[in-house]
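Chains, contacts and geometry: an overview
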Amino acid sequence: MKVYLDNNATTIVDPYVFDEMEPFFVQKYGNPNSLHYVASETHVPLKNAMEKIYAGIHAPKEDSVVITSCATESNNWVLKSIYLEYIITGRKNHIIISEVEHPSIISAARHLEKLGCKVTYLPINHEGIVEAQTVRDYITDKTALVSIMWANNETGAIFPVQEIGDICAEKGVLFHTDAVQAIGKIPVDVQSFNVDYLTMSAHKFHGPKGVGALYMKKGKELTPLLHGGSQMGGYRSGTLNVAGIVGMGKAMEQAVDALDFEMSEIRELRDEFEDELLKIEDTFVVTPREKRTSNTILISFRGIEGESMLWDLNRSAIAASTGSACASEDLESNPVMEAIGAEADLAHTAIRFSLSRYTTKEELDFTLAVVKEAVERLRGISSSYAYAPEGHDSQL
Ligand code: 7TS
């Protein structure tokens, strides 16, 4: 049995999404900006796909959704645009992000810091959540932007973006949220709270890789970073990724349809699996379930290096993660575990299981059995487990 539990890194393309995309490679391959019939074959599908993306986040027509190549691009774009519009011009000098944002926000912010922008990296609380009050505490009259993710990719923790949006509106500060891990997991309605910019990525909700989007509220500023033709209203030039956009539209429609299923059935599967994992001695989960997206578990097994556990899982054809794939090549400890101030030995033991609507109970039962075996084997050879603090039966 092959088990894929790394859906926060990427998801399988939904077969309906794939079917919808296929004609745009070898049949309807026109450049939408050309003036002939091959081009016009793309117009209605593109329009329909864009409508589905707008509908998926409840964006009114007067707002903008600009297609990008990925969430990394959307996130970089917002920060760099704010720098060009507000910081370099001297209107403001400060942006606020959290210390558990995706690297596409953190690295972009660090880059802007080198260019003279002040950046505040907000802490998370013991549950792995950025509190709205903390945002309020750090806003100054020189703050141009607050960028706080909606759901964290490591823990699934849902951040109070509605409250944060209210605070930003009250203080006259722009608010961006990275909603990559929220779409398809919780209802996303840009009209239900104050948000100026919102990032999406199709491959996180069973769409194709290489296509994302940036939502922007009417009247907000955004500096075009790719100058060229008039595509995407001149905000982002370059020939449209027709198949990708069509795929993202279909994936969004499917994600909205499947939302109840994700929030009930997948949650139930996740909870049962988590209950069983927590029966294993010396295991820890940071964020309480009700404050998390329904598909994610970040769990620590004391005494077991995350990478060793992954190795054992991988040998049994189970794909999981020690956290973000963007950071997992360098054997660093999990950034969220570090941010909550977990003891060093625990910060290295976190494993992320992220489910999707394709995950089955059989797959989770199999995974549980493999995890139990791995825990026994790895603790048996672990020197750090023998030194674990009180409350645990020493194996010495
Ligand atoms: N923002 C969040 C919250 C993410 O989780 C990711 C990818 C991105 C942005 C970047 O998306 P992309 O469209 O540019 O690929 N997160 C992960 C992860 O958790 N493991 O691998 C990739």
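Residues numbered from 1 in each chain as written. Predicted model: local features only at pLDDT ≥ 70, side-chain atom pairs only at ≥ 80, totals over all residues. Heavy atoms only, no water.

Looking at the sheet that holds strand S8 (residues 212-216)
Quick note on the threshold: Pairing between strands requires that DSSP locate at least two bridges from one strand to the other. Only DSSP runs of H or I covering at least 4 residues are called helices, and only runs of E covering at least 2 are called strands; the numbering of each starts at the N terminus. Lines fitted to C-alpha atoms define the axes here, with helix axes fitted over just the stretch in contact, and angles between the N-to-C directions of these axes take values from 0 to 180 degrees.
Spatially, S2-S8-S7-S6-S5-S3-S4 is the arrangement adopted by the seven strands of the open sheet, whose pairing is mixed. In the strand order of this sheet, the two ends are held by strand S2 (64-68) and strand S4 (118-122), each with one partner. On average, each strand axis in the sheet is inclined to that of its neighbour by 20°, with strand direction left out of account. By the bridge criterion, three bridges tie strand S6 (residues 174-178) to strand S7 (residues 197-201) in an arrangement that is parallel.

A short note on helix H4 (residues 43-56)
Counted only if it meets this: By this rule the span expected of a helix is its residue count minus one, scaled by 1.5 Å. Type-normalised accessible area, obtained with a 1.4 Å probe on protein chains alone, sets the label of each residue: buried when under 20%, exposed when over 50%, and partly exposed for intermediate values. By the convention used here, residues are in contact when the closest approach between their heavy atoms is within 4.5 Å.
Under the 1.5 Å per step criterion, the end-to-end length of H4 is 20 Å for 14 residues, consistent within 8% with the ideal 20 Å. If you check which residues of H4 are buried, you get Pro45, Leu46, Ala49, Met50, Ile53, Tyr54 and Gly56. On the buried face of H4, the contacting elements are helix H2 (23-26), S2, S7 and helix H9 (242-257). One or two steps after H4, the chain reaches histidine 58, where phi turns positive at roughly 60°.

As for the packing of helix H5 (residues 71-87) against helix H6 (residues 103-114)
For any two helices packed against each other, one specifies the inter-axial angle together with the distance between the axes. Defined as follows: Put simply, angles under 35 degrees are roughly parallel, angles over 145 are roughly antiparallel, angles from 65 to 115 are roughly perpendicular, and the rest are oblique. Each crossing gets its hand from how the near helix is turned against the far one by less than a right angle, where anticlockwise is left-handed and clockwise is right-handed. Classification convention: Asp, Glu, Lys, Arg as charged; Ala, Val, Leu, Ile, Met, Phe, Trp, Tyr, Cys, Pro as nonpolar; all other residues, Gly among them, as polar.
Interaxial distance between H5 and H6 falls to 9 Å at its minimum, and their mutual angle equals 25°. Taken together, the axes of H5 and H6 are roughly parallel relative to one another. Handedness of the crossing formed by H5 with H6: right-handed. Here Thr72, Asn75, Asn76, Leu79, Lys80 and Tyr83 of H5 come into contact with H6, specifically with Ser104, Ile105, Ala108, Ala109, His111 and Leu112. When its residues are assigned to classes, the contact of H5 with H6 shows six nonpolar, five polar and one charged.

Section: the pattern of salt bridges
Applied cut-off: Definition used for salt bridges: Asp or Glu carboxyl oxygen within 4 Å of a side-chain nitrogen of Lys or Arg.
One pass over the full model with this rule turns up 21 salt bridges. Of the charged contacts in the structure, one is a salt bridge between lysine 52 and glutamate 20, with a shortest N-O distance of 3.6 Å. Here the residue lysine 52 occupies a position in helix H4, and glutamate 20 occupies one in helix H1 (residues 15-21), the gap between them amounting to 32 residues. Salt-bridge contacts for lysine 52 lead to glutamate 253; the nearest nitrogen and oxygen are separated by 3.8 Å. One end of the pair, lysine 52, is in helix H4; the other, glutamate 253, is in helix H9, and 201 residues separate them in sequence. Accessibility expressed as a relative area gives 27% for glutamate 253, which makes it partly exposed. By sharing partners, the salt bridges in this structure join Arg270, Asp271, Glu274, Asp275, Arg289 and Arg292 into a single network.

Description of the environment of aspartate 312
Looking at the element boundaries, aspartate 312 is found in helix H11 (residues 306-315). In this structure the C-alpha to C-alpha distance between aspartate 312 and leucine 378, which are 66 residues apart in sequence, comes to 9.1 Å. The contacts of aspartate 312, once residues within four sequence positions are left out, are Val370, Ala374, Arg377 and Leu378.

Thoughts on the domain arrangement of the chain
What counts, and what does not: What counts as a domain boundary in this text is fixed by an automatic or database domain assignment. In this description, buried area is defined as the sum, over both parts, of the accessible area (probe of 1.4 Å) that is lost when the two are combined.
Partitioning the chain into structural domains gives domain 1 (3-9 + 259-380) and domain 2 (15-257). For domain 1 versus domain 2, the distance between C-alpha centres works out to 27 Å. Summing both sides of the interface, domain 1 and domain 2 together bury roughly 2500 Å²; the carbon and sulfur share of this comes to 55%. Three residues, Leu259, Thr293 and Arg357, lead the burial of domain 1 against domain 2; their summed loss comes to 24% of the area buried on that side. Seen at the junction of domain 1 and domain 2, the total is one salt bridge. In this structure, the salt-bridge partner of lysine 291 is glutamate 127, at a minimum N-O distance of 2.6 Å.

Remarks on the side chain of asparagine 75
To keep things clear, this is the line we draw: Pairing of N or O atoms within 3.5 Å defines a polar contact, subject to two protein rules: one partner must be a possible hydrogen donor and the other a possible acceptor, and residues neighboring in sequence count only if both atoms are side-chain atoms.
The residue asparagine 75 is located in helix H5 in this model. Judged by relative accessible area, which is 0%, asparagine 75 ranks as buried. Reaching out from asparagine 75, the side chain makes a polar contact with the side chain of aspartate 178 at a distance of 3.0 Å. Apart from residues no more than four positions distant in its own chain, asparagine 75 is found in contact with Ser104, Ile105, His176, Asp178 and Thr199.

A look at the site of the ligand
The condition that has to hold: Near is defined per residue: the residue qualifies when any heavy atom it owns lies within 4 Å of the molecule or strand. Residue exposure ignores everything except the shown protein chains as possible cover, and the areas themselves are Shrake-Rupley values with a 1.4 Å probe.
Around the ligand lies a shell of 19 residues, among which Thr72, Asp178, Gln181, Ser201 and Lys204 are the nearest. In the model, an oxygen atom of the ligand is placed 2.9 Å from a nitrogen or oxygen of the alanine 71 main chain. In isolation the ligand has 490 Å² of accessible area, and contact with the protein removes 92% of it. Counting residues per element, the shell around the ligand draws most heavily on H5, at three residues. Its residues assigned to classes, the shell around the ligand comprises seven nonpolar, nine polar and three charged. Two domains each donate at least three residues to the shell around the ligand, and these are domain 1 (3-9 + 259-380) and domain 2 (15-257).

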